Amino acid sequence: MRIATWNINSLRARTDRLLALLERHEIDVIALQEIKAKPEQLDLSGLEAAGYEVAAHGLNQWNGVAIASRIGLSDVHTQLPDVPTWPEEEDGVVEARALGALVGGAEGTSPGLRLWSLYIPNGREIDHPHYGYKLRWLEALRAEGARELAADAQAPVLLTGDFNVAPEDEDVWSMEFFEGKTHVTEPERAAFRAVVDEGYADLVRPDHPGPQVYTYWDYQQLRFPKKEGMRIDFALGSPAVQNAYRASFIDREERKGKGASDHAPVVVDLEF
DNA sequence: ATGTCGAACGAAGTTCGA
């Protein structure tokens, strides 16, 4: 089972790149973030023709998450339990930042995997209300992760997506540059570690240690050609998924050329 | 040149978010 995660930065603007990516790497399941559209605005005919079932959750031009699977897709959830709303005023809403589904398990090939496509809030500035929202959002994710394993310690669960946190100093191109900025602060890293500590390991890092291993490069300032990136996209697997892990890679090629997303896809191979 | 990009709104260019 080959599973990918990718912050696509608009599904409508990059449907062709997505179809090519799925074909190039023979991806069974992909978790997408920042689809930037409502489901009814999407043309899913290409994906469906390629054999994928698609679940998409988007409320407006911001955020939005989706899962496409060619090995089964069921039991879809469009939000994490107890997730905070934004903005924090009375008219705040639960943003489209999480989509959960059961994938695989089709044709008796493998057990069903609980997959979450996650787009953690950016945080904006450390003194902005969005930063506190980000920390509370990560706490809701930790709680959901804990619930899953409390119900069944051997449940195959994969928490994947754009975490907007660089957990280690080596995950950014310059700690000096990020001084006083979001993504690298201790509270964000502690919130990330709290998810890991519930039993969800970073599947990719052991095979692809840093420094200078990144999944995101800002469009601005020629960050990609200058190799000035960040590792902020992760696949965190429960113990059963850790046992099933076989290999992984970050598709840096996808960041190249005209019309690239600012994130590279992360691909993980599992064998149950 | 903040060395950028996508979407909304609305019909060209500004605004927001990242």
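For clarity, every value in this text was computed on a predicted model and none was experimentally measured. Chains are numbered independently. Their residues run from 1 in the order of the written sequence. Chains and ligands are labelled sequentially in the order written, the chains with letters from A and the ligands with numbers from 1. Per-residue local features are limited, in this predicted model, to residues with pLDDT of at least 70; the limit for side-chain atom pairs, both in listing and counting, is 80 or more; totals at the level of whole chains, interfaces and linings are taken over all residues. As a rule here, side-chain values come from all non-hydrogen atoms in the structure, and water together with hydrogens is ignored.

A.B. asks: Any chance you could explain the overall build of chain A here in plain terms?
C.D. replies: For chain A, the helix and strand inventory stands at 5 helices and 12 strands. Along the longest, intermediate and shortest principal axes, the C-alpha atoms of chain A span 50 × 45 × 40 Å. The burial tally for chain A puts 55% of its 272 residues in the buried class. Looking at chain A alone, contacts between residues at least 24 apart form 70% of all its contacts between residues at least 6 apart. Approximately 11,800 Å² of chain A is accessible, and the part contributed by carbon and sulfur atoms is 48%. Charge centroids of chain A, computed over 28 positive and 45 negative side chains, lie 6 Å from each other. Only DSSP runs of H or I reaching four residues or more are called helices, and only runs of E reaching two or more are called strands; each is numbered from the N terminus. The classification of residues rests on relative accessible area computed with a 1.4 Å probe and restricted to protein chains. Under 20% of the type maximum is buried, over 50% is exposed, and intermediate values are partly exposed. By the convention used here, residues are in contact when the closest approach between their heavy atoms is within 4.5 Å. Residue burial considers only the protein chains on display, and all accessible areas are found by Shrake-Rupley using a 1.4 Å probe. Charge assignment in this entry is limited to Lys and Arg as positive and Asp and Glu as negative, and neither His nor the chain termini are counted. Charged side chains are reduced to one point each, which is NZ for Lys, CZ for Arg, CG for Asp and CD for Glu.

A.B. asks: Please clarify how the pairing of strand S7 (residues 113-119) should be interpreted in this entry.
C.D. replies: Successive side chains on a regular strand alternate, one facing one side of the sheet and the next facing the other. Of all the 7 residues making up S7, 7 are buried; the element is thus mostly covered by neighbouring parts of the structure. Across the two faces of S7 the burial is the same, with Leu113, Leu115, Ser117 and Tyr119 and Arg114, Trp116 and Leu118 all buried. For two strands to pair, DSSP has to find at least two bridges joining them. One ladder, built from 6 bridges, connects strand S6 (residues 98-103) with S7; its direction is antiparallel. Across the sheet, residue alanine 101 finds its bridge partner in S7, namely leucine 115.

A.B. asks: Quick question: what am I supposed to make of the side chain of threonine 5 here?
C.D. replies: With respect to the helices and strands, threonine 5 occurs in strand S1 (residues 2-7). Residue threonine 5 is classed as buried on the basis of its relative accessible area of 2%. Any N or O atom pair separated by 3.5 Å or less is treated as a polar contact, with the protein-specific requirement of one donor-capable and one acceptor-capable atom, and with residues adjacent in sequence counted only for side-chain atom pairs. Of the polar contacts made by the side chain of threonine 5, one reaches the side chain of glutamine 33; its length is 3.1 Å. Here glycine 161 takes part through its backbone nitrogen, which lies 3.4 Å from a polar atom of the side chain of threonine 5. Dropping the residues within four chain positions of it, threonine 5 is found in contact with Ile30, Ala31, Gln33, Thr160, Gly161, Phe234, Ala264, Pro265 and Val266.

A.B. asks: Is there a simple way to think about the packing of aromatic side chains in this case?
C.D. replies: Between two aromatic rings, the relevant description is the distance of the centres plus the angle of the planes. Classification of ring pairs uses Phe, Tyr and Trp, with its six-membered ring standing for Trp, and accepts pairs whose centres are within 6.5 Å; under 30 degrees between planes counts as stacked, over 60 as edge-to-face, and the remaining range as tilted. Applying the stated rule across the entire model yields 7 aromatic pairs. Judged by centre distance (4.9 Å) and plane angle (35°), the rings of tryptophan 173 and phenylalanine 177 are tilted. Look at tryptophan 173 and you get partly exposed, because its relative accessible area is 26%. Accessibility expressed as a relative area gives 33% for phenylalanine 177, which makes it partly exposed.

A.B. asks: Would you take a moment to explain the UniProt feature "site: Important for catalytic activity" (unreviewed entry) in chain A for this structure?
C.D. replies: Under the feature "site: Important for catalytic activity" (unreviewed entry), the UniProt entry names Asp233. One can find aspartate 233 in strand S10 (residues 233-237). Residue class for aspartate 233 comes out buried when judged on its relative accessible area of 4%. In this structure, aspartate 233 is in contact with Asn7, Gly161, Asp162, Thr215, Tyr216, His263 and Val266, ignoring residues within four places of it in sequence. UniProt positions are given in the numbering used here, feature names are shortened, and annotations may be inferred rather than shown by experiment.

A.B. asks: Is there a simple way to think about the protein's contact with DNA strand B in this case?
C.D. replies: Proximity is defined per residue: any heavy atom of the residue falling within 4 Å of a molecule or strand makes that residue near it. In the region of DNA strand B, 17 residues are neighbours, and Ser10, Arg124, Tyr219, Gln221 and Leu222 sit closest. Sugar plus phosphate, as a fraction of atoms of DNA strand B within 4 Å of the protein: 67%. Taking serine 10, its side chain carries an N or O atom lying 2.2 Å from a phosphate oxygen of DNA strand B. Between DNA strand B and the protein, one listed contact pairs a phosphate oxygen with a side-chain N or O atom of arginine 124 at 2.8 Å. Gly is placed with the polar residues, together with every amino acid not listed as nonpolar (Ala, Val, Leu, Ile, Met, Phe, Trp, Tyr, Cys and Pro) or charged (Asp, Glu, Lys and Arg). Of the residues assigned to the surface near DNA strand B, the class counts are 5 nonpolar, 7 polar and 5 charged.

A.B. asks: Would you explain the sheet that holds strand S2 (residues 29-33) in this entry?
C.D. replies: What holds strands together in a sheet is hydrogen bonding between their backbones, with the strands either parallel or antiparallel. Pairing in this open sheet of 6 strands is mixed, and the strands run S3-S4-S2-S1-S12-S11 from one edge to the other. Taken across any chain shown, the strands that pair with only one partner, and hence form the sheet edges, are strand S3 (53-57) and strand S11 (245-250). Neighbour-to-neighbour, the strand axes of this sheet turn through a mean angle of 15°, independent of strand direction. With 4 bridges connecting them, S1 and strand S12 (residues 266-270) associate as antiparallel partners. By the bridge assignment for S12, threonine 5 is matched with valine 266. Geometry is summarised by axes, namely lines fitted to C-alpha atoms with helices restricted to the contacting stretch, and by angles between N-to-C directions that run from 0 to 180 degrees.

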